[in-house]
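Survey of secondary and tertiary structure
What follows is each chain in one-letter form.
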Amino acid sequence: MYIDSHCHLNLSHFENDVAAAVARARKAGVAKMLVIGTELADSVRAVELAHRFPGTVFAAVGIHPHESKDADENIYARLRALAADDKVVAYGEIGLDYFHNHSPREVQRREFARQLNLAAELKLPVVIHDREAHQEVYDIIVAEKGYRHGGVIHCFSADYAWAKRFVELGFVISLPGTITFPRSEMQREVALKLSLDDILIETDSPFLAPVPRRGKRNEPAYVVYVAEKIAEIKGLSPEDVAAATAANCQRVFGM
Ligand code: NI
């Protein structure tokens, strides 16, 4: 059984065929998937999908760094209420994006810190987005004790030294479809050196489809290609990678 630890079936890319995408995932052996919020409306949609596909789809709610400029007390009150739903197994995605800078960096930092504390209050593990901001993501997690209920550094793009530091804080590292891209040597080194106990697999669909689907819309069924690549790197079978990463997902998120 594979688990896609990070997908966005709640986005408009799937509005016409979400049931078919879930069915294709299940047929490919992807028994469970975690649908991630990036703002209020798609967080609501993530919880709706979790109710529509019980036992298959689970939800995370939160405000992505891109959207953090629009966060306010009213939105947090609604997220807090939403998080009480038993289908919500994580808080996120939250963090810093110093590549796109869709929100001012000081706003991103403030809302990240605030949400780490909200997640801790809700006793939820966190889903962390870190794009070209490794040191500051790390520092804010440490300052806010954002490791209290564990979590994942999703779509991991830093090197092995950073992976180790986050693992030492109690996080797992989620590897996406880009690990199949020719130029992703650093991600493959992370996969090689990290213990399988510290790795999750994800699609981040509809984005970042792995080879051989590169350039197409990504979907949870394609997490199998991520597992196959990690298996090849580590000299294991895809089934070994599936079983271990699914067990890790269950440990971190209880899904
Ligand atoms: Ni995402």
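Here is a short report on the structure shown in this document. (Residues numbered from 1 in each chain as written. Predicted model: local features only at pLDDT ≥ 70, side-chain atom pairs only at ≥ 80, totals over all residues. Heavy atoms only, no water.)

With that settled, consider the sheet that holds strand S3 (residues 57-61). Read from one edge to the other, the open sheet built from eight strands follows the order S1-S2-S3-S4-S5-S6-S7-S8, with strand pairing classed as parallel. Unpaired on one side and paired on the other, strand S1 (2-7) and strand S8 (199-201) mark the two borders of the sheet. Each strand of the sheet is rotated relative to its neighbour by a mean of 30°, with strand direction disregarded. Where strand S7 (residues 171-175) lies against S8, three bridges are found, and the strand directions are parallel. (Pairing = 2+ DSSP bridges. Helix = DSSP H or I, 4+ residues; strand = E, 2+ residues; numbered from the N terminus. Axes fitted to C-alpha atoms, helices over the stretch in contact; angles between N-to-C directions.)

Okay, the coordination of the nickel ion next. Here the nickel ion is held by His6 (NE2), His8 (NE2), Glu93 (OE) and Asp204 (OD), and the distances to it run 2.1 to 2.5 Å. Taken together, the four donor atoms surrounding the nickel ion define angles of 85 to 176° at the centre, an arrangement classified as irregular. (Donors = N, O, S within 2.8 Å, 3.2 Å for Na, K, Ca; no water. Tetrahedral: all angles 85-135°; square planar, octahedral: opposite > 155°, others 65-115°.)

Turning our attention to the pattern of salt bridges. Under the defined criterion, the tally for this structure stands at twelve salt bridges. Between Arg114 and Glu73 there is a salt bridge, and its shortest N-O distance comes to 2.6 Å. You can see Arg114 sitting in helix H4 (residues 105-121) and its partner Glu73 sitting in helix H3 (residues 73-83), a full 41 residues away along the chain. Arg114 sits in the partly exposed class, given a relative accessible area of 33%. (Salt bridge = Lys/Arg side-chain N within 4 Å of Asp/Glu carboxyl O. Buried < 20%, exposed > 50% of the residue type's maximum accessible area, 1.4 Å probe, protein only.)

Here Arg78 lies in helix H3. Classification of Arg78 by relative accessible area gives partly exposed; the value is 47%. Put simply, Arg78 and Val57 are 21 residues apart on the chain and 21 Å apart in space, counted from C-alpha to C-alpha.

What follows is about the environment of Asp97. Note that Asp97 resides in strand S4 (residues 88-97). Along the backbone, Asp97 and His134 are 37 residues apart, and their C-alpha atoms lie at a distance of 9.7 Å. The contacts of Asp97, once residues within four sequence positions are left out, are Pro65, His66, Gln108, His129 and Arg131. A distance of 2.8 Å separates a polar side-chain atom of Asp97 from the backbone nitrogen of His100. There is a polar contact of 2.8 Å between the side chain of Asp97 and the side chain of His129. (Contact = heavy atoms within 4.5 Å. Polar contact = N/O pair within 3.5 Å; in protein donor to acceptor, adjacent residues only side chain to side chain.)

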